[in-house]
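# Secondary and tertiary structure notes
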Amino acid sequence: QSSSSGFNIYKGHSYNVQSAAMGAPDPYMDAGLSNTERQLQQLQSKKDRIERQIQSDVKMDRGLVAYKAGSGPTGIISSNTASSEGGGTTGGGRGDSSLIAARMKRLEEERKKREEGGFTTKAMRDLERMKKAKVYSHAQIRINFSDGTHLHAKFLPREKVAAIRSVIESSFEPSIAQSLDFDLYVAPPRRLLIDTKTLEEEELVPASKIHVSWKARGAPSGKFLRDELFLAGGGAASFPDAKPIITKPAAADQKKGADSKKRGGNGPSKEELLMQRMLGKTSTLGGNTSSKKKTDQDGDKKIGKPKWFK
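The rules behind the values
Residues numbered from 1 in each chain as written. Predicted model: local features only at pLDDT ≥ 70, side-chain atom pairs only at ≥ 80, totals over all residues. Heavy atoms only, no water. Salt bridge = Lys/Arg side-chain N within 4 Å of Asp/Glu carboxyl O. Helix = DSSP H or I, 4+ residues; strand = E, 2+ residues; numbered from the N terminus. Buried < 20%, exposed > 50% of the residue type's maximum accessible area, 1.4 Å probe, protein only. Core = buried A, V, L, I, M, F, W, Y, C linked by side-chain atoms within 4.5 Å. Expected span 1.5 Å × (residues − 1). Arc of directions from axis to C-beta. Contact = heavy atoms within 4.5 Å. Patch = residues over 30% accessible without salt bridge, like charges linked within 9 Å, V, L, I, M, F, W, Y side chains within 5 Å. Areas by Shrake-Rupley, 256 points an atom, 1.4 Å probe, with all protein chains shown as cover. Lys, Arg positive; Asp, Glu negative; His and termini not counted. Charge placed at Lys NZ, Arg CZ, Asp CG, Glu CD. Pairing = 2+ DSSP bridges. Phe/Tyr/Trp six-rings, centres within 6.5 Å; stacked < 30°, edge-to-face > 60°. Axes fitted to C-alpha atoms, helices over the stretch in contact; angles between N-to-C directions. Left-handed = near helix turned anticlockwise from the far one by under 90°. Nonpolar A, V, L, I, M, F, W, Y, C, P; charged D, E, K, R; others polar. pLDDT = per-residue confidence, 0-100.

## Structural notes on the pattern of salt bridges
In this structure the tally under the stated criterion is 14 salt bridges. In this structure, the salt-bridge partner of Asp-181 is Lys-215, at a minimum N-O distance of 4.0 Å. Here the residue Asp-181 occupies a position in the loop between helix 5 (161–170) and strand 5 (182–186), and Lys-215 occupies one in the loop between strand 7 (207–214) and helix 6 (227–231), the gap between them amounting to 34 residues. Look at Lys-215 and you get partly exposed, because its relative accessible area is 35%.

## Considering the nonpolar core
Of all hydrophobic cores here, the largest spans 30 residues; its most connected members are Phe-145 and Ile-164. Secondary-structure elements contributing two or more residues to this core are strand 3 (139–144), strand 4 (150–155), helix 5, strand 5 and strand 7. With 8 residues, the next largest nonpolar core counts Ile-50, Ile-54, Leu-127 and Ile-245 among its residues.

## A look at helix 2 (residues 35–54)
For helix 2, with 20 residues, the first-to-last C-alpha span of 29 Å sits near the 28 Å given by 1.5 Å per residue. Of all the positions in helix 2, only Leu-40, Leu-43, Lys-47, Ile-50, Glu-51 and Ile-54 are classed as buried. Seen end-on, helix 2 carries its buried residues on one side only, within an arc spanning 100°. Of the exposed residues in helix 2, those oriented more than 90 degrees away from the buried face are Asn-35, Gln-42, Arg-52 and Gln-53. Elements that come into contact with the buried residues of helix 2 comprise helix 4 (122–132), strand 2 (134–136) and strand 8 (242–244).

## Here we look at a positive patch on the surface
A surface patch of positive charge is lined by Lys-113, Lys-132, Lys-134 and Lys-248. With respect to the helices, strands and loops of the structure, Lys-113 is situated in helix 3 (residues 96–116). The exposed category is assigned to Lys-113, whose relative accessible area is 52%.

## Looking at the pairing of strand 7
Relative to strand 7, strand 3 runs parallel, the two sharing 5 bridges. What sits directly across from Ile-141, in strand 7, is Ser-208. As defined by bridge partners, strand 5 adjoins strand 7 across 4 bridges and the pair is classed as antiparallel. In the strand pairing of strand 7, Asp-183 is matched with Ser-213.

## Some details on the packing of aromatic side chains
Aromatic ring pairs: the centre-centre distance and the angle between the two ring planes describe each pair. For the coordinates displayed, the defined rule picks out 8 aromatic pairs. On the numbers, 5.9 Å between centres and 90° between planes, the contact of Phe-172 with Phe-182 is edge-to-face. Residue Phe-172 is located in the loop between helix 5 and strand 5, and its partner Phe-182 is located in strand 5; the two are separated by 10 residues in the primary sequence. An identical accessibility class is assigned to Phe-172 and Phe-182; each is buried. Aromatic rings pair up to connect Phe-145, Phe-172, Phe-182, Trp-214 and Phe-224 into one cluster.

## Concerning the packing of helix 2 against helix 4
Any two packed helices are characterised by the angle at which their axes cross and by the distance between the axes. Where helix 2 meets helix 4, the axes come as close as 9 Å, and the angle between the chain directions of the two elements is 35°. Helix-helix and strand crossings are classified by hand; for helix 2 and helix 4 the assignment is left-handed. Within the contact between the two elements, helix 2 uses Thr-36, Glu-37, Gln-39, Leu-40, Leu-43, Gln-44 and Lys-47 and helix 4 uses Ala-123, Met-124, Asp-126, Leu-127, Met-130 and Lys-131. Split by residue class, the contact of helix 2 with helix 4 holds 6 nonpolar, 3 polar and 4 charged.

## Remarks on the confidence of the model for the protein chain
Summary statistics for the protein chain give a mean pLDDT of 75 and a share of 61% for residues scoring 70 or more. Note on residues 76–93: pLDDT under 50 across the span, and 44 contacts to partners over four residues away in sequence or across chains.

## Notes on the sheet that holds strand 3
Strand order across the open sheet formed by 6 strands is 1-4-3-7-5-6, with mixed pairing between neighbours. Across the chains shown, the open sheet's two edge strands, defined by having one partner strand only, are strand 1 (65–67) and strand 6 (191–192). Helix-sheet contacts for helix 5 involve strand 3, strand 4, strand 5 and strand 7, and the interaxial angle to strand 5 is about 125°.

Here it is, written out as structure tokens:
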């Protein structure tokens, strides 16, 4: 007999009569969630809260600016793969071969990590990824056209690629906007972007270059961008601000903890030093012999023991 619609036989179900009679929530309502899933939910809530704080005004101000070939700000990430290779801004950029090699190296490291890490659930992998993730104020996108002109604009990381397409279409001259047809892709390697995916899913965060590929009979024959977009240019690209989801301890606190551990955790205790002196040993338990000799000499001076006494 098939189970009733909407009932999951693999999930725990609870109904606490006493709690229901008192109007209190069921204490076993989330009994089916693992500890990993609870941590993942907490970090997701924290991520949503940070996004609301730092991503409030991006849709109100796209910062849409157009530049002619050979001009424009220098300080934006030089490739779509820079976000996954560690980020940072570059002035001259890197060659295609080095970008492909860096991407292949990263994919190989991820493959080895999956193979050597043993069995992990999807929740465990998502939790590990969430712990290392950062929340960005926006994604800075550079849109390159075949004639060398390019657009700069800001988008939210959770916006879909369709939002980029809509902004591009709004930048065309109204008289020819309906006749232009194009695809969006990133390179290297060349990969078409899917309109229904978000910028995060397409790895376009925090900053990326994307390219416009004109379809057959859809390429413009002359000027196609609005003139007022070029007049708004100037200045450097607005690189996104970033906040980690999990804040790591400051370097000073880490150094302080390491120093205290070095003084107290790894060194022998006073009782051990006393036992070593009583047994006539000259070296500490895994410690430094010179420091022990100095301690013995200082101790001999304090108690007044003569040098000839063995």
